[in-house]
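Coordinate inspection notes
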Amino acid sequence: MLSLPLGNVPTAPPILFIALTSLLGLIPDTAMKVFYDPGCLLHDPPYEILSGQLVPYFESPARARNIKHELESSPSFKIIGAEGDLDVLKYVRMVHNEDYIQYLRTAYQEWVEDGGDKSAVLPETFPHPKLTSVLPSEYNPDVKTLCPIAKAGFYCFDLSCPITEATYMAITASARAAISAAKSLTSSAKPSGPESSVFALSRPPGHHAGSSLCGGYCFFNNVAIAVRFLQDSHASTMSEGSNPQGEMLPIAILDIDYHHGNGTQEIFYSDGSVLYVSLHAQNDYPYFTGSTKEKGSGEGLNRNINFPLPRGTTDESYSSTLRSAASHIKHFNPAYLAVRCATAPALSPKASADLERDATSLGVDTYKDDPISDFKLTHACYGEIGRIIARLDKPTLFVMEGGYAVDALGSNVRAVLEGFEGTDA
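Residues numbered from 1 in each chain as written. Predicted model: local features only at pLDDT ≥ 70, side-chain atom pairs only at ≥ 80, totals over all residues. Heavy atoms only, no water.

Next up on the list: the overall build of the protein chain. Secondary structure summary: the protein chain contains 13 helices and eleven strands in total. Counting every position in the protein chain, which comprises 425 residues, the buried fraction comes to 57%. Looking at the protein chain alone, contacts between residues at least 24 apart form 82% of all its contacts between residues at least 6 apart. Accessible surface for the protein chain amounts to roughly 17200 Å². Of this, 54% is attributable to carbon and sulfur atoms. (Helix = DSSP H or I, 4+ residues; strand = E, 2+ residues; numbered from the N terminus. Buried < 20%, exposed > 50% of the residue type's maximum accessible area, 1.4 Å probe, protein only. Contact = heavy atoms within 4.5 Å. Areas by Shrake-Rupley, 256 points an atom, 1.4 Å probe, with all protein chains shown as cover.)

Here is the structure:
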């Protein structure tokens, strides 16, 4: 998936695997930085349950390997290792509840000690609203007293998030890559424009993960964590007294994954500092979110914009809808925000001037041959997607989300990024 931040916030650079072309001195200074942490490969469950069948896990390490191989073969990209000394949990805690984080850290060990299958933690019972409807509205179970199999259902909403012994290390590595990329943006020599944009090759993905809920292959919400890093980084650089109202740096997230980013929506639903725009399939996974009626609440009212599209959507209709989505982001600028202060808190001149960055949740499971999706986009469309995003002329953080046609995955991601950079001609 693809998410873009909007605002005056840059991001930080990582340092790890240098592609062969870089070692040969063939990568130009203008090459897009790609942040990657090999620890993301550790999450490798043997199976998931899909359509009632036990099937091999679609969100496999092969996805990241394919993308990395494709990008490091081109002089347009420079592979950089994620920063090892980042305080990843500091920013994870800005997005996810502490009890949820601790669950992900200890779930596998507790599961095995309780007699669960050693291959992975997988829920079998969920706290459905009708199951708990007779309980007091203020009822909140003491999660610490739940047995491991009950915890698995309490913190997960489907059967696509098996937790293995190495899952916690992998999701931390995935978040580290996203934060490293965001940090690179903040230190970019060029504070605006596509030239200062970066790609976080994060995996497992994140946009289905809510503040205390996993699902859809997602555990930590990488793009949300990167957004909070950008906002925190900006706040820490402001001089004392320059932001007396504590206004958050405005950031826009564009989600172009086939599936609705229910987790990202939930996290920012009442947050007026973040604009969330999503293009996704209608009446498809996660099935119960993503309608046009979901507009945000409180200070976040009208900061949540969904574009549900019919199954079978083709290149032309998708590109046209993306242009409409881009227009909402383009209007989310200092003048527009000042006009919108009737439905959201007014921004100070300083905060308005900082509205310069986008975050993009990049998913290419919109491809015609994707095994678990039903759009009909061709390879040619991905370059156009990149070009449409580039016309926003904002420093952009791309964060990897979905895409499961592994053989075509790397070339489709590369097409988006090269279309954005203007190097696909």
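To continue, consider the packing of aromatic side chains. One pass over the structure, following the stated rule, counts 14 aromatic pairs. The interplanar angle of 80° and the centroid separation of 5.3 Å between the aromatic rings of Tyr57 and Tyr217 together place this pair among those described as edge-to-face. You can see Tyr57 sitting in the loop between β4 (53–55) and α2 (61–72) and its partner Tyr217 sitting in the loop between β6 (198–200) and α7 (222–237), a full 160 residues away along the chain. Accessibility classification places Tyr57 together with Tyr217 in one group, the buried group. Summarising the aromatic geometry, the rings of Tyr287 and Phe288 are spaced 6.5 Å apart at their centres and angled 65° between planes, so their arrangement reads as edge-to-face. Overall, Phe288 belongs to the exposed group, its relative accessible area being 75%. Put simply, the rings of Tyr100, Tyr103, Phe154 and Tyr155 touch in pairs and so form one group of aromatic residues. (Phe/Tyr/Trp six-rings, centres within 6.5 Å; stacked < 30°, edge-to-face > 60°.)

This part is about the nonpolar core. The biggest cluster of nonpolar side chains holds 50 residues, and the ones touching the most others in it are Tyr103, Leu104, Ile163, Phe219, Phe220, Ile225 and Leu397. At eight residues, the largest contribution of residues to this core is made by helix α6 (residues 167–186). Counting 48 residues, the second-largest nonpolar core is a separate cluster that includes Leu254, Ile388, Leu409 and Ala415. (Core = buried A, V, L, I, M, F, W, Y, C linked by side-chain atoms within 4.5 Å.)

Turning next to α2. Taking 1.5 Å of rise per residue, the twelve residues of α2 would be expected to cover 16 Å, and the 17 Å separating its terminal C-alpha atoms lies within 8% of that figure. Residues of α2 that are buried in the fold lie against β2 (32–36), β5 (77–81), β6, β11 (396–400) and α13 (406–421). (Expected span 1.5 Å × (residues − 1).)

Another point: the confidence of the model for the protein chain. Averaged over every residue, the pLDDT of the protein chain is 84; the share at 70 or more is 81%. Taken together, the stretch residues 334–356 has pLDDT below 50 and engages in 47 contacts with residues farther than four places along the chain or on a different chain. (pLDDT = per-residue confidence, 0-100.)

Once that is clear, we can look at the pairing of strand β9 (residues 304–309). Buried residues dominate β9, accounting for five of its six residues. Relative to β9, strand β8 (residues 274–281) runs parallel, the two sharing six bridges. The residue of β9 that forms the bridge with Ser278 is Asn306. (Pairing = 2+ DSSP bridges.)

Looking now at the side chain of Ser319. Tracing the backbone shows Ser319 in helix α9 (residues 315–331). Apart from the residues within four sequence positions on either side, Ser319 is in contact with Cys381, Glu384 and Ile388.

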